[in-house]
Amino acid sequence: VYVLEDLLNTLIELKTRGFAFYEGYRKSSEDAKLKELFGELAIEEKNHEIFYRGIKKRILNDFEASVDDEYKEYIDNLISYSFIISNKDFSIKTLNEALTIAESLEKETIIFMNEINGIVDERLGFKVILEEEKRHLLRIYKYKKEQGIR
């Protein structure tokens, strides 16, 4: 239960920070396409946060799974070394920095989602959310490509 709760708490934190990041940068940007992209991603981050909070309430009391010490250490380190979680204040000066943070946010979410998918029942809907996270990353890559950013 501990590992699942940690993963869910981390996903909630990622989504909370993701919403604040996307919404904040959207408001400060003058690029119409970026405003649209980050606005849509902000809404989806908020929806995912709500989903994770609901799942956490529903399954933690009924969830039973045992993981070995090595796996627990792996998860602890994933969380501890998370770029998004460990950086509490992003001082963004350029579009490229904003897109790098967005990319990191989505990649880290995908990593954590893959771990959850390995330990919970697929009927809970995590696989659907994982596919949405992958689409977020693809949308960021598409925007970067359109802007000629590597």
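Residues numbered from 1 in each chain as written. Predicted model: local features only at pLDDT ≥ 70, side-chain atom pairs only at ≥ 80, totals over all residues. Heavy atoms only, no water.

Draft legend 1. Expanded view of the confidence of the model for the protein chain. Residues with a pLDDT of 70 or more make up 92% of the protein chain, whose mean pLDDT is 87. In the model of the protein chain, helix 4 (residues 83-86) stands out as the element of lowest mean pLDDT, 73, in contrast to helix 6 (residues 126-147), which has the highest, 94. (pLDDT = per-residue confidence, 0-100. Helix = DSSP H or I, 4+ residues; strand = E, 2+ residues; numbered from the N terminus.)

Draft legend 2. Representation of the packing of aromatic side chains within the structure. Throughout the structure, instances matching the rule amount to nine aromatic pairs. Pairing tyrosine 22 with phenylalanine 38 gives two aromatic rings, centres 4.9 Å apart and planes at 65°, and the pair type is edge-to-face. Here tyrosine 22 is found in helix 1 (residues 2-28), whereas its partner phenylalanine 38 is found in helix 2 (residues 32-59), with 16 residues between them in sequence. Phenylalanine 38 matches tyrosine 22 in its accessibility class, with the two residues each being buried. (Phe/Tyr/Trp six-rings, centres within 6.5 Å; stacked < 30°, edge-to-face > 60°. Buried < 20%, exposed > 50% of the residue type's maximum accessible area, 1.4 Å probe, protein only.)

Draft legend 3. A look at the environment of serine 82. With respect to the element layout, serine 82 can be found in the loop between helix 3 (69-80) and helix 4. The buried category is assigned to serine 82, whose relative accessible area is 1%. Taking the C-alpha atoms as reference points, serine 82 and leucine 105, separated by 23 residues in sequence, lie 9.3 Å from one another. Apart from the residues within four sequence positions on either side, serine 82 is in contact with Leu14, Glu108 and Phe112. (Contact = heavy atoms within 4.5 Å.)

Draft legend 4. Seen up close, the environment of glutamate 97. Residue position: glutamate 97 is located in helix 5 (residues 95-117). Since its relative accessible area comes to 34%, glutamate 97 is described here as partly exposed. Residues glutamate 97 and lysine 46, 51 residues apart in the sequence, show an inter-C-alpha distance of 22 Å. Not counting residues within four places of it along the chain, the set of residues in contact with glutamate 97 comprises Ser91 and Ile92.

Draft legend 5. Looking closely at a negative patch on the surface. Taken together, Asp68, Asp69, Glu70 and Glu73 make up a surface patch of like negative charges. The topology assignment puts aspartate 68 in the loop between helix 2 and helix 3. Judged by its relative accessible area of 48%, aspartate 68 falls in the partly exposed class. (Patch = residues over 30% accessible without salt bridge, like charges linked within 9 Å, V, L, I, M, F, W, Y side chains within 5 Å. Areas by Shrake-Rupley, 256 points an atom, 1.4 Å probe, with all protein chains shown as cover. Salt bridge = Lys/Arg side-chain N within 4 Å of Asp/Glu carboxyl O. Lys, Arg positive; Asp, Glu negative; His and termini not counted. Charge placed at Lys NZ, Arg CZ, Asp CG, Glu CD.)

Draft legend 6. Quick peek at the side chain of lysine 15. Within the fold, lysine 15 resides in helix 1. On the accessibility criterion, lysine 15 (0% relative accessible area) is buried. When sequence neighbours within four positions are dropped, the list of residues in contact with lysine 15 reads Glu45, His48, Glu49, Tyr52, Glu106, Thr109 and Glu133.

Draft legend 7. View of the nonpolar core. Counting residues in each nonpolar core, the largest one holds 40 residues, and the members touching the most others are Leu8, Tyr22, Phe38, Ile116 and Phe126. For this core, the secondary-structure elements that each account for two or more residues are helix 1, helix 2, helix 3, helix 5 and helix 6. With ten residues, helix 1 is the single largest residue contributor to this core. (Core = buried A, V, L, I, M, F, W, Y, C linked by side-chain atoms within 4.5 Å.)

Draft legend 8. Geometry of the pattern of salt bridges. Summed over the entire model, instances satisfying the criterion amount to twelve salt bridges. Taking the shortest distance from any N to any O, the salt bridge between glutamate 103 and lysine 107 comes out at 3.1 Å. Linking glutamate 103 with lysine 107, this pair stays in helix 5, spanning four residues, or about one helical turn. Taken together, the shared-partner salt bridges connect Lys15, Glu45 and Glu133 into one network.

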